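Take a look at the letters that make up each chain.
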Amino acid sequence: MKLKVVFGSALVGIAVLAMACSSTTTPAPVPAKTPAPAAASITVTLTETPYAFVPKDITVEAGKNVVKLTSLKEIHSFTIVDLKIDQIVQPGKSVNITIPTDKKGTFKLICTPHESVGMIGTVTVK
Ligand SMILES: [Cu+2]
């Protein structure tokens, strides 16, 4: 309880400080608190002719881990066994997923129904 109060007070202090800074005429070289950048969206299309992830190799950076999956005509999956991700994408639908960034490296990406016909790729988490 005490910690919570202290934290709350600190936030108020930061807010007051920020207001004080913004009212001065000299620009602050570094803002006290930068707004969180909007998560960059990476778009992956799951296609049928040929069966593929487009693009097939994607890289996700920490904090930029929103991936928009769009299936054209068939049911596909965006499966990364090593990361325990198994996202089904319905025909003609889009799904936004996040990829955990605590595990880093390059991981094999497969579409479970179409792996045998080459619908594979990689996901690199940096
Ligand atoms: Cu597929």
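Above this text sits the structure in question.
Residues numbered from 1 in each chain as written. Predicted model: local features only at pLDDT ≥ 70, side-chain atom pairs only at ≥ 80, totals over all residues. Heavy atoms only, no water.

As a further point, take the side chain of Glu48. For Glu48, the location among the structural elements is in strand S1 (residues 41–48). One buried charge, Glu48, has no salt-bridge partner; the nearest side chain with opposite charge is Lys73, at 5.6 Å. From its side chain, Glu48 meets the backbone nitrogen of Lys73 in a polar contact 2.9 Å long. Dropping the residues within four chain positions of it, Glu48 is found in contact with Ser71, Leu72, Lys73, Glu74 and His76. (Helix = DSSP H or I, 4+ residues; strand = E, 2+ residues; numbered from the N terminus. Buried < 20%, exposed > 50% of the residue type's maximum accessible area, 1.4 Å probe, protein only. Lys, Arg positive; Asp, Glu negative; His and termini not counted. Salt bridge = Lys/Arg side-chain N within 4 Å of Asp/Glu carboxyl O. Polar contact = N/O pair within 3.5 Å; in protein donor to acceptor, adjacent residues only side chain to side chain. Contact = heavy atoms within 4.5 Å.)

Two elements, S1 and strand S4 (residues 66–71), share six bridges in a ladder whose sense is parallel. Bridging from a neighbouring strand, Ser41 pairs with Val66 of S4. Inspection of the sheet shows S4 paired to strand S7 (residues 94–98) by five bridges, in the antiparallel sense. Residue Lys68 lies in a different strand from S7, and its bridge partner there is Asn96. (Pairing = 2+ DSSP bridges.)

Here the focus is the coordination of the copper ion. Within the first shell, the copper ion binds the protein through His76 (ND1), Cys111 (SG), His114 (ND1) and Met119 (SD), at distances of 1.9 to 2.6 Å. Each of the four donor atoms around the copper ion contributes to a set of angles spanning 99 to 130 degrees, which defines the coordination as tetrahedral. Mapping the donors of the copper ion onto the primary sequence yields the spacing H-x34-C-x2-H-x4-M. (Donors = N, O, S within 2.8 Å, 3.2 Å for Na, K, Ca; no water. Tetrahedral: all angles 85-135°; square planar, octahedral: opposite > 155°, others 65-115°.)

The residue after Thr49, namely Pro50, is reached through a cis peptide bond having omega 0 degrees. Here the bond from Val54 into Pro55 is cis, since omega is -5 degrees, no more than 30 degrees from zero. Counting through the fold element by element, Pro55 comes out in the loop between strand S2 (51–54) and strand S3 (57–60).

Further remarks concern the sheet that holds S4. Strands sit in the order S2-S1-S4-S7 across an open sheet of four strands; the sheet is mixed. The open sheet is flanked by S2 and S7, the only strands paired with a single partner. Neighbour-to-neighbour, the strand axes of this sheet turn through a mean angle of 20 degrees, independent of strand direction. (Axes fitted to C-alpha atoms, helices over the stretch in contact; angles between N-to-C directions.)

Nothing here speaks to function; it is geometry throughout.
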